[in-house]
Number of protein chains: 2
Amino acid sequence: METKETEKLQTPEIPEEVAAEVPERTLTAPGDTEEQERGLDIDAALALVEEKRYATLRQMLREAEPADIAELFDELPKQQYAVVFRILPKELAAEVFVELDSDLQQILIESFSDLELRNVLEELYMDDAADLVEEMPANVVKRILQNVTPEARKTVNELLKYPEDSAGSIMTTEFVRLKQDMSVDDAIALIRKVAIDKETIYTCYVTDRNSHLIGVVTVKDLLCAPHDAKIADIMEDHVISVNTLEDKEDVAATISKYDALALPVVDAENRLVGIVTVDDAIDVMQDEAEEDFAKMNAMLPTEKPYLRTSPFELYKSRIVWLLLLMVSATFTGMIIGSFEDALATQAVLTLFIPMLMDTGGNSGSQASVTVIRALSLGEIEFSDVMRVLWKEIRVAALCGGSLAVVAFGKIFLVDKWIMGKPITVPIAIVVCLTLMMTVIAAKFLGCTLPLLVSKLGFDPAVMASPFITTIVDAVSLIVFFALATTLLHL
Amino acid sequence: METKETEKLQTPEIPEEVAAEVPERTLTAPGDTEEQERGLDIDAALALVEEKRYATLRQMLREAEPADIAELFDELPKQQYAVVFRILPKELAAEVFVELDSDLQQILIESFSDLELRNVLEELYMDDAADLVEEMPANVVKRILQNVTPEARKTVNELLKYPEDSAGSIMTTEFVRLKQDMSVDDAIALIRKVAIDKETIYTCYVTDRNSHLIGVVTVKDLLCAPHDAKIADIMEDHVISVNTLEDKEDVAATISKYDALALPVVDAENRLVGIVTVDDAIDVMQDEAEEDFAKMNAMLPTEKPYLRTSPFELYKSRIVWLLLLMVSATFTGMIIGSFEDALATQAVLTLFIPMLMDTGGNSGSQASVTVIRALSLGEIEFSDVMRVLWKEIRVAALCGGSLAVVAFGKIFLVDKWIMGKPITVPIAIVVCLTLMMTVIAAKFLGCTLPLLVSKLGFDPAVMASPFITTIVDAVSLIVFFALATTLLHL
């Protein structure tokens, strides 16, 4: 397995005393006994921490992947963070540090000496350093900026200037830059020299003297070309690039669309300022999906994994929408309130309120979720509104019709004959007509409201199921009572 | 930008007559006038098709990315597919073909001569060929298998044997295989020789004489090592691999966790049989998120983009759950039915039914969606049930308490004073107590049911909002009427 993190692992500095202390074959490292290599055995590692067998633990950890060691930290008691972190070889330590959640990073930094802090900071890629500065409180930021080189401080400050969700905010400034008059051998020599410091070397960018992006060459191109070929002749000069200010979700979608490993980021003058790598694009896509899941289900997104989010944080992310939706349900109550007398004379109508409300809500959220996802995947935009509407109306007619027919049968079979309720044909007709009209209204609102909201520049995800449900509830009750008073002469 | 698809583009065969026909500077290719390079101008391309200016179109398309040309096909009228496809240079044509939806692929294959079919098939990677065979109807499959080499036929048949959602089903068999006694120069020479045929060359796998996976070397390692270093000395021998039968979603999660570009796939005897690349992992993750969105909102997943899904296909994906949920709402109706007499004496209670049902439903879906996503991201598993429960109970107490307090105020302010409903303190207490208990029950069910369902081996996503809502509706009504009859002596 190849990763941008692990190649530094190949020559960890193993102090002689540690290597000597533990005979090679007593290692409890995973994979020695299994056929197939798996990640770190976290329980075994925790046991070693418990027993303070740090030398064995060190042996075990230096063979492990940074992402797995980060998972170990999630399980560690707080007071052990610093001890276990100090066991790690210097470069591995920095790689693990990047993988940790920001609250863990903060605890570690606060326990670091200045020397330890510098060691970690030195190994960080610039985008990771900028992320760190962004997430730490002011006093920690001050210490961080005091302990980096003036050059790194400048780069970090540059990166922090980009708007929060822009391409600039997720790009790294470390990449391989080639000139078009270099030969293939020159280029390979340059890559050999700088490779250790660059986040991704497989895509190299060709710039002119003014840093304008003029081409791209992959290491595969270099390996397949004659040694003395000129970069200008083998480079691809149609380069897809993104602007620093472009939304990071669009950047991720572009990387996914073109199956790219990296995408160059240029400023307003087409000067190459950074690259976004595929692993960062994956993170953006995952965060985006999680945010959409949260918003579509009446929650504010939280950043931490579920088990590490406190009940109070969960409460905060959930209560706002619950309150808002509860209060807005007052309107539904008002509608029922104004038909109280009609309901009193035909109490059996109350029976159907939950069924009508639920079916309306479900129909509406089906349409809204489909449209919201299609919007966020870039499959549709506001100008498609008529195509979407025409499609949804036909779906609604099909769904509404089927539901009405089944409901009609169910009302007589279950409600009248089995439960013995006083149901007449006109009542059944009112219920089934309401059902059909509710489904059509729900699909109509479910597909148009998200499009409208996105057209107005808001996030359509907040228009998803809970909000649509509240509106559809009101609509279905109004239709229900209007039909009932008219057809049943209440 | 570097992609596995585009490197073949550098030497397209341009027939002289076409190149000569159109002067270089009259090209309407995108990016010539803009500072920043963007994708294909689809409207301009469509206009060229309309005007039958195929030579200009060919010039434009051969500079474009396969993914962009695939988007052009989405907009083309059916009868133009074959014409435009034949304009493309041979290798580009195959790359575009892979990007097309399967219904488009089928139309094209049916219009191909055997020679044209062979040309496309020759250029396909084995995993793409297997996907194609999987999606085509029997008569097309027969034609495909008749037109590939016996060797390719064998590989495709092997790939088709893996279960649908397994690592084996998404892996490619084309990768660079090294021996441990090779030198760095040998390895680079081998890569140069085979690179053109391999889907990903940046991660090379080292196997012993029995094809067992024993190490991994990246091209970066090779470039940074001395020319005469032995592969055995520079390879990473702790290789994270997956089994052919492992779930493809777990494979994607592993790639994401380790920021890997590719992951080796081994059989039960640890023999290396293929690799999964990061771009395929991204597709798996996206499909997975879309499936979860669909299932959590009472839909069966559809595979096609929204605008290309027919109303009848949408109907089929939606009606099953709508019917099921409508019929299950019968129980809610039955509960209301059995309290009809109580409601008749205190009609004002009906007012609060929508508010209680909606708040319960929203609270439940907040918990269920959070838990389902945490499950599918591997953050929690069934054994965490007590931790999850304890967390959700506290969140529920906080949410329920806040909602009850606000509801109490709202009932007097809005319902009693503004709307003039006959509300007494006992009625308000019944409503607020019900609200609190409903929220707690909703959060309890919302977090436990998905865990239980996943423990039983089913997909927890189907336990999401709509299903939870139906159950919580029933619970909230039972609590409401039980409290009302007891406290209000109905």
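Residues numbered from 1 in each chain as written. Chains lettered and ligands numbered in written order. Predicted model: local features only at pLDDT ≥ 70, side-chain atom pairs only at ≥ 80, totals over all residues.

Notes on the environment of I335 of chain A
Reasoning step 1: Counting through the fold element by element, I335 of chain A comes out in helix α18 (residues 311-338).
Reasoning step 2: For the pair I335 of chain A and V475 of chain A, spaced 140 residues apart in sequence, the C-alpha separation works out to 9.6 Å. (Helix = DSSP H or I, 4+ residues; strand = E, 2+ residues; numbered from the N terminus.)

Notes on the domain arrangement of chain A
Residue and element names in this part refer to chain A.
Reasoning step 1: Considered domain by domain, chain A is made up of domain 1 (6-165), domain 2 (175-279) and domain 3 (306-487).
Reasoning step 2: With four residues of domain 1 in contact, the opposing surface of domain 2 contributes five residues.
Reasoning step 3: Its residues placed into classes, the side of domain 1 that touches domain 2 shows three nonpolar, no polar and one charged. (Domains from an automatic or database assignment. Contact = placed C-beta atoms within 7 Å. Nonpolar A, V, L, I, M, F, W, Y, C, P; charged D, E, K, R; others polar.)

Let's talk about helix α22 (residues 425-455) of chain A
Residues and elements named next belong to chain A.
Reasoning step 1: With 31 residues, α22 ought to run about 45 Å at 1.5 Å a step, and its terminal C-alpha atoms sit 45 Å apart, in line with that.
Reasoning step 2: With 22 of 31 residues buried, α22 is to be regarded as a mostly interior element.
Reasoning step 3: Once α22 finishes, G457 follows within two positions and takes phi at roughly 90 degrees, a positive value. (Expected span 1.5 Å × (residues − 1). Buried ≥ 20, exposed ≤ 12 C-beta atoms within 10 Å, placed from the backbone.)

Regarding the sheet that holds strand β4 (residues 242-243) of chain A
All names here are of chain A.
Reasoning step 1: Strand order across the open sheet formed by three strands is β4-β5-β6, with mixed pairing between neighbours. Each having just a single partner strand, β4 and β6 (272-277) make up the two edges of the open sheet.
Reasoning step 2: With five bridges connecting them, strand β5 (residues 262-266) and β6 associate as antiparallel partners. For V266, the partnering residue across the bridge sits in β6 and is L272.
Reasoning step 3: Sheet strands touched by helix α16 (residues 248-257): β4, β5 and β6. Its angle to β5, the strand with the most contacts, is close to 140 degrees. (Pairing = 2+ DSSP bridges. Axes fitted to C-alpha atoms, helices over the stretch in contact; angles between N-to-C directions.)

Concerning the packing of helix α21 (residues 385-418) of chain B against helix α22 (residues 425-455) of chain B
In a packed pair of helices, the relevant descriptors are the angle between the two axes and the axis-to-axis distance.
All names here are of chain B.
Reasoning step 1: One can describe the packing of α21 onto α22 by two numbers: an axis separation of 8 Å at closest approach and a directional angle of 155 degrees. Looking at the two axes, α21 sits roughly antiparallel to α22. As for the relative orientation of α21 and α22, their crossing is right-handed in sense.
Reasoning step 2: In terms of residue class, the contact of α21 with α22 is made up of 24 nonpolar, three polar and two charged. (Parallel < 35°, antiparallel > 145°, perpendicular 65-115°, else oblique. Left-handed = near helix turned anticlockwise from the far one by under 90°.)

Regarding the nonpolar core
Reasoning step 1: With 259 residues, the main nonpolar core has V276 of chain A together with V276 of chain B as its most contacted residues.
Reasoning step 2: Ignoring any residue separated from it by four or fewer positions in sequence, one finds V276 of chain A in contact with A167, I170, M171, V251, I255, A262, L263, V265 and A281 of chain A.
Reasoning step 3: Judged by nonpolar contacts, the second largest core, of 34 residues, contains L40, A93, L108 and L117 of chain A. (Core = buried A, V, L, I, M, F, W, Y, C linked by C-beta atoms within 7 Å.)

Considerations on the relation of the copies chain B and chain A
Reasoning step 1: Superposition of chain B onto chain A requires a rotation of 180 degrees combined with a translation of 0.0 Å along the rotation axis, giving an RMSD of 0.1 Å. Here the symmetry operator amounts to a two-fold rotation axis. Scanning chain B for the C-alpha nearest the rotation axis identifies A344 of chain B, at a separation of 3.1 Å.
Reasoning step 2: Looking at the interface residues of chain B, 99% of them are also at the interface in chain A, so both copies use one shared face. (Least-squares fit on C-alpha atoms with pLDDT ≥ 70 in both.)

Description of the sheet that holds strand β1 (residues 175-178) of chain B
Residue and element names in this part refer to chain B.
Reasoning step 1: Strand order in this open sheet of three strands is β1-β2-β3, and the pairing throughout is mixed. At either margin of the open sheet sits one strand with a lone partner, and together these are β1 and β3 (213-218). Within the sheet, the average angular offset between the axes of one strand and its neighbour, ignoring direction, is 35 degrees.
Reasoning step 2: Pairing geometry for strand β2 (residues 200-207) and β3, over five bridges, is antiparallel. Bridge assignment links V206 to a residue of β3, and that residue is G215.
Reasoning step 3: Docked against the sheet, helix α13 (residues 184-194) engages β1 and β2, running at close to 150 degrees with respect to β1.

Some remarks on the interface of chain B and chain A
The accessible area lost on association of the parts is a frequent measure of interface size.
Reasoning step 1: Contacts between the two partners involve 123 residues from chain B and, on the opposite side, 122 residues from chain A.
Reasoning step 2: The dominant element in the side of chain B that touches chain A, judged by the number of residues it contributes, is helix α18 (residues 311-338) of chain B, at 17 residues.
Reasoning step 3: Among the residues forming the side of chain B that touches chain A, the class breakdown is 65 nonpolar, 29 polar and 29 charged.

Thoughts on the pairing of β5 of chain A
Residues and elements named next belong to chain A.
Reasoning step 1: Of all five residues in β5, five are buried; the element is thus mostly enclosed.
Reasoning step 2: In β5, alternate side chains face the same way, and those of A262, P264 and V266 on one face and L263 and V265 on the other are all buried.
Reasoning step 3: Two elements, β4 and β5, share two bridges in a ladder whose sense is parallel. Pairing of N243 across the sheet is with V266, part of β5.
Reasoning step 4: Here β5 folds back onto β6, and the loop between the two strands holds five residues, one of which, N270, carries a positive phi near 65 degrees.

Quick notes on helix α17 (residues 278-296) of chain A
It helps to recall that an α-helix has 3.6 residues per turn; residues three or four apart then point in one direction.
Reasoning step 1: In a regular helix each residue adds 1.5 Å, so 19 residues correspond to 27 Å; α17 of chain A covers 27 Å between its end C-alpha atoms and thus fits that length.
Reasoning step 2: A positive backbone phi angle near 60 degrees is found at A298 of chain A, which sits one or two residues after α17 of chain A.

Some points on the packing of helix α2 (residues 42-50) of chain A against helix α3 (residues 54-62) of chain A
All names here are of chain A.
Reasoning step 1: Two numbers describe how α2 lies on α3: the axes approach to 8 Å, and their chain directions differ by 150 degrees. Taken together, the axes of α2 and α3 lie roughly antiparallel to each other. The element α2 and its partner α3 pack so that their crossing is left-handed. Where α2 approaches α3, its residues A45, L48 and V49 are matched on the opposing element by T56, L57 and M60.
Reasoning step 2: When the residues that make up the contact of α2 with α3 are grouped by side-chain class, the tally is five nonpolar, one polar and no charged.

Some remarks on the pairing of β2 of chain B
All names here are of chain B.
Reasoning step 1: With seven of eight residues buried, β2 is to be regarded as a mostly interior element.
Reasoning step 2: At this point the chain moves from β1, through α13, to the parallel β2, and the crossover so formed is right-handed.
Reasoning step 3: Between β2 and β3, which follow one another and run antiparallel, lie five residues, and S211 among them has a positive phi close to 70 degrees. (Right-handed = clockwise from strand over helix to strand, strands pointing away.)

Some thoughts on unusual backbone geometry
Residue and element names in this part refer to chain B.
Reasoning step 1: The backbone of K52 sits at a positive phi, close to 60 degrees, despite the residue not being glycine.
Reasoning step 2: Within the secondary structure, K52 sits in the loop between α2 (42-50) and α3 (54-62).
Reasoning step 3: Judged by C-beta crowding, with 10 C-beta atoms within 10 Å, K52 ranks as exposed.
Reasoning step 4: Phi angles above zero are rare outside glycine, and S211 is one such case at about 70 degrees.
Reasoning step 5: Positionally, S211 belongs in the loop between β2 and β3.

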